[in-house]
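Descriptive structure summary
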Amino acid sequence: DIQMTQSPASLSASLGETVTIECRASEDIYNGLAWYQQKPGKSPQLLIYNANSLHTGVPSRFSGSGSGTQYSLKINSLQSEDVASYFCQQYYDYPDTFGAGTKLELK
Amino acid sequence: EVQLQQSGPEVGRPGSSVKISCKASGYTFTDYVMNWVKQSPGQGLEWIGWIDPEYGSTDYAEKFKKKATLTADTSSNTAYIQLSSLTSEDTATYFCARRPAGSSFDYWGQGVMVTVSS
């Protein structure tokens, strides 16, 4: 199985700041990567698919980039409603695997 | 509007089984594969398997092949997961999630908490 190493595990940032979360795959996943946001007690919500495509209705301050084995999620101008956990998922290869998550808090 | 409405929380005794439902609305049920994902308390996400509602075909992650059984009822647009031989390791939240072909999970159910307790 492809291993997804996500960093950092937790992150504290101020309102208006730019935040970057990274995921590294154990082998090339050819942009088969998604990012999800999960708030406490809620289900994950798709933010980004195919590494850099914004899902319908997701604010443009979220963006994804990367290729090969290295991918990142950037949040511009952090808002209070962005406090959540974030997960990456590779779906290029069977079976789907997820990163361990990043918990984002306000400083 | 696409919605995946899951059933309520479950409590199961060790060794028993539970069955969770996921009712789809707002799209053609047979056009999308339905996946199931496990999230253990305070833990990350694990893919369990998928079912193609149109054909009833299924696939499972290796560790869930003897644990989970996926079914679907096209007359009610509902997918199901049955978890058998429950142990404490099955205590978790279980999500259904829709997958467009070759893509990620675009819509998720709200999740069902399963607690295994004697």
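You'll find the structure just up there.
Residues numbered from 1 in each chain as written. Chains lettered and ligands numbered in written order. Predicted model: local features only at pLDDT ≥ 70, side-chain atom pairs only at ≥ 80, totals over all residues. Heavy atoms only, no water.

**Digging into the nonpolar core**
In this structure, Met34, Trp36, Ile81 and Phe105 of chain B are the most contacted members of the largest nonpolar core, which totals 40 residues. Broken down by secondary-structure element, the contributors of at least two residues to this core are β4 (33–38) of chain A together with β3 (18–25), β4 (33–39), β5 (45–51), β7 (68–73), β8 (78–83), β9 (92–99) and β11 (112–116) of chain B. Those residues in contact with phenylalanine 105 of chain B that sit more than four places away from it in its chain are Tyr36, Leu46, Gln89, Asp96 and Phe98 of chain A together with Asn35, Val37, Trp47, Ala97, Arg98 and Arg99 of chain B. Counting 23 residues, the second-largest nonpolar core is a separate cluster that includes Ile2, Val19, Leu33 and Tyr71 of chain A. (Core = buried A, V, L, I, M, F, W, Y, C linked by side-chain atoms within 4.5 Å. Buried < 20%, exposed > 50% of the residue type's maximum accessible area, 1.4 Å probe, protein only. Helix = DSSP H or I, 4+ residues; strand = E, 2+ residues; numbered from the N terminus. Contact = heavy atoms within 4.5 Å.)

**Quick notes on the state of the cysteines**
If you walk through the whole model with that rule in mind, you get 2 disulfides over all chains. The disulfide bridge from cysteine 23 of chain A ends at cysteine 88 of chain A, spanning 1.7 Å between sulfur atoms. Judged by the sign of its S-S torsion, about -65°, the cystine formed by cysteine 23 of chain A and cysteine 88 of chain A is left-handed. Within this pair, whereas cysteine 23 of chain A is found in strand β3 (residues 19–25), its partner cysteine 88 of chain A is found in strand β9 (residues 84–90), the two being separated by 65 residues in sequence. The class for cysteine 23 of chain A is buried, based on a relative accessible area of 1%. For cysteine 88 of chain A, a relative accessible area of 0% corresponds to the buried category. Across the disulfide from cysteine 22 of chain B sits cysteine 96 of chain B; the S-S distance is 2.1 Å. On the sign convention where negative means left-handed, the S-S torsion of about 75° between cysteine 22 of chain B and cysteine 96 of chain B marks this disulfide as right-handed. Of this pair, cysteine 22 of chain B sits in strand β3 while cysteine 96 of chain B is found in strand β9, placing the two residues 74 residues apart along the sequence. (Disulfide = S-S within 2.5 Å.)

**Remarks on the environment of threonine 58 of chain B**
Residue and element names in this part refer to chain B. Mapped onto the fold, threonine 58 is located in strand β6 (residues 58–60). Sequence spacing of threonine 58 and glycine 26 is 32 residues, and the spatial spacing of their C-alpha atoms is 23 Å. Setting aside residues no more than four positions away along its own chain, threonine 58 makes contact with Trp50, Ile51 and Leu70.

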